[in-house]
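Observations on the three-dimensional arrangement
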Amino acid sequence: MSIASGPAASSALRLQETRARVAEVRERAHRLFLGGATGVQISAAISEGIDEFLRELHERALETRSASDRALLSAHSAIVAVGGTGRGDLSPHSDVDILFLFSSRASRVFPEFVSEIVRDCWDAGLKLGHSIRTVSETIALGRVDPQVATALVEARLLAGSNPLFERLRRAVQRKIFRGRFRSFLALCLTAREHERAQQGDTLQQLEPDVKKSLGGLRDLHLLRWIAFARFGAADIDSLRLRGALTRDEALTLVTAHEYLSRIRADLHFQAGKPHDVLTRDEQLRISEERRIPATAGMRPVESFMREYFRHTTSIVRIVQRFIVTHSRPPLATRLMRKLVMHRVNGLFCAGDGLIDVLPRHRSRVLGRLDLILKLYCSGALYGYT
């Protein structure tokens, strides 16, 4: 039996190797899951494995270039992890969010270089959410597109030019976040309201989306984004140390994040693909596999969902308090502006660059995240950003 050789055999071997590498990352994470590892540990293992894989692809793509092109690419391009990839918070079949960053000096060679890396990722079975931009293009989009801006909160250099990445990081701070908190806040809340509206407005949904439903992982991301714009820090420990979160709130959020992350990993492993909806069948399966006991008047699946909603309700409560507390203007300014306000939608009053809640509706609005989101969306509509 002859052994194939030549370009076709080399390509087939490369395809086999890339698929095996990603499969190895997922299999290692699955072993952790079966061994009882936390959701955060599973996410970290997947993220570290994917980081390493992407660096290998970057290095391999560089090796096939001429010495001059390698020097050019090394000095004037970078692979930047953004979004969940930058946060180091990947589920087994999450999209891998990457910014391929370059300067104009590398424009001749960069597109083909990126194409090779992207092709290898697709061959390996990774779903990329990627973009190819210069620093100026990234900043311009980040000022108007909340998806781009929020992804940059988590930006992290994977490979390539550190000076270029630092140039991006400084520009993001200076031109997207600094002095633009209210504008960024309105963009974030408007985008979140649209996303959440597609999943339903209630907390206790029959089949919640672990990521996007009210109180899901996306609301934890929302808190991180707003905290970064307000304080320059996004992680829970830093916010606790700054006094932006109490010790109890920080512990509650960490616990809820761990709980939801493990459920999301479970759903992905079970489906063998991205799957974030906690269907009735999945609720029954998970409650059975976790051996949740029945109690007087409550079946195992009902106990499981009660615990689930306890965590999501806590997330909503803490996030809404955080938004209200850290987005209010000074008291004297608020009182002065109320003199020239008019009513909006029967709930709010607007005028002189400010929108606020009518006093008699304040407890109702501040007790519901959907109405808080509506408040900021109304502000954005009136241009109070």
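Quick summary incoming for the structure in this document. (Residues numbered from 1 in each chain as written. Predicted model: local features only at pLDDT ≥ 70, side-chain atom pairs only at ≥ 80, totals over all residues. Heavy atoms only, no water.)

Focus: the layout of surface pockets
- Within this model, the largest pocket holds a volume of roughly 1100 Å³.
- As for the largest pocket, its lining consists of 46 residues, and the residues nearest its centre are Gly 83, Asp 97, Gln 147, Lys 211 and Arg 218.
- Looking at the lining of the largest pocket, the elements that each hand over two or more residues are α4 (83–87), β2 (96–102), β3 (128–133), α7 (146–153), α9 (181–199), α10 (217–231) and α12 (247–271).
- For the lining of the largest pocket, the leading source of residues is α7, giving 6 residues.
- Per-class residue counts for the lining of the largest pocket are 14 nonpolar, 17 polar and 15 charged. (1 Å grid on protein atoms, 1.4 Å probe; cavity = no way out; pocket = protein on both sides within 12 Å on 5 of 7 lines; lining within 4 Å. Points joined across faces, edges and corners; volume = space filled by probe spheres on them. Helix = DSSP H or I, 4+ residues; strand = E, 2+ residues; numbered from the N terminus. Nonpolar A, V, L, I, M, F, W, Y, C, P; charged D, E, K, R; others polar.)

Some words on empty space enclosed by the protein
- Taken as a whole, this structure holds 1 cavity of 30 Å³ or more when the rule is applied.
- A volume near 40 Å³ is recorded for the largest cavity.
- Forming the boundary of the largest cavity are Arg 26, Ile 46, Ile 50, Leu 90, Ser 91, Pro 92, Ser 94, Val 96 and Leu 126.
- In the lining of the largest cavity, the residues fall into 6 nonpolar, 2 polar and 1 charged.

Thoughts on the nonpolar core
- Core analysis: the biggest nonpolar cluster contains 66 residues, and Ile 263, Leu 278 and Tyr 308 have the highest contact counts within it.
- Examining the composition of this core, we find that 11 residues originate from one element, helix α14 (residues 300–325), more than from any other.
- Setting aside chain neighbours within four positions, we find Ile 263 in contact with Val 210, Leu 278, Ile 286, Arg 290, Phe 304 and Tyr 308. (Core = buried A, V, L, I, M, F, W, Y, C linked by side-chain atoms within 4.5 Å. Buried < 20%, exposed > 50% of the residue type's maximum accessible area, 1.4 Å probe, protein only. Contact = heavy atoms within 4.5 Å.)

Brief notes about the environment of Ala 229
- Residue position: Ala 229 is located in helix α10.
- Exposure remark for Ala 229: the relative accessible area of 13% places this residue in the buried category.
- Sequence spacing of Ala 229 and Leu 185 is 44 residues, and the spatial spacing of their C-alpha atoms is 8.1 Å.
- If we ignore the near neighbours within four places in the chain, the residues touching Ala 229 are Phe 177, Phe 181 and Phe 184.

Side note on helix α13 (residues 280–289)
- Taken together, the buried positions of α13 are occupied by Glu 282, Gln 283, Arg 285, Ile 286 and Ser 287.
- On its buried face, α13 sits against α12 and α14.

Considerations on the sheet that holds β3
- Reading across the sheet, the 4 strands line up as β3-β2-β1-β4 and stay open at both edges, with mixed pairing between neighbours. For this open sheet the edge positions go to β3 and β4 (156–160), each flanked by a neighbour on one side alone. Each neighbouring strand pair of the sheet contributes to a mean axis angle of 25°, computed without reference to strand direction.
- Of the strand pairs in this sheet, β2 and β3 are connected by 6 bridges, and their pairing is parallel. Residue pairing across strands places Leu 101 opposite Arg 133, the latter belonging to β3.
- Strand contacts of helix α6 (residues 135–142): β2 and β3, with the helix running at about 115° to β3, the strand carrying the most contacts.
- Strands β1 (77–81), β2 and β4 of the sheet are contacted by helix α8 (residues 162–177), whose axis makes an angle of about 105° with β2. (Pairing = 2+ DSSP bridges. Axes fitted to C-alpha atoms, helices over the stretch in contact; angles between N-to-C directions.)

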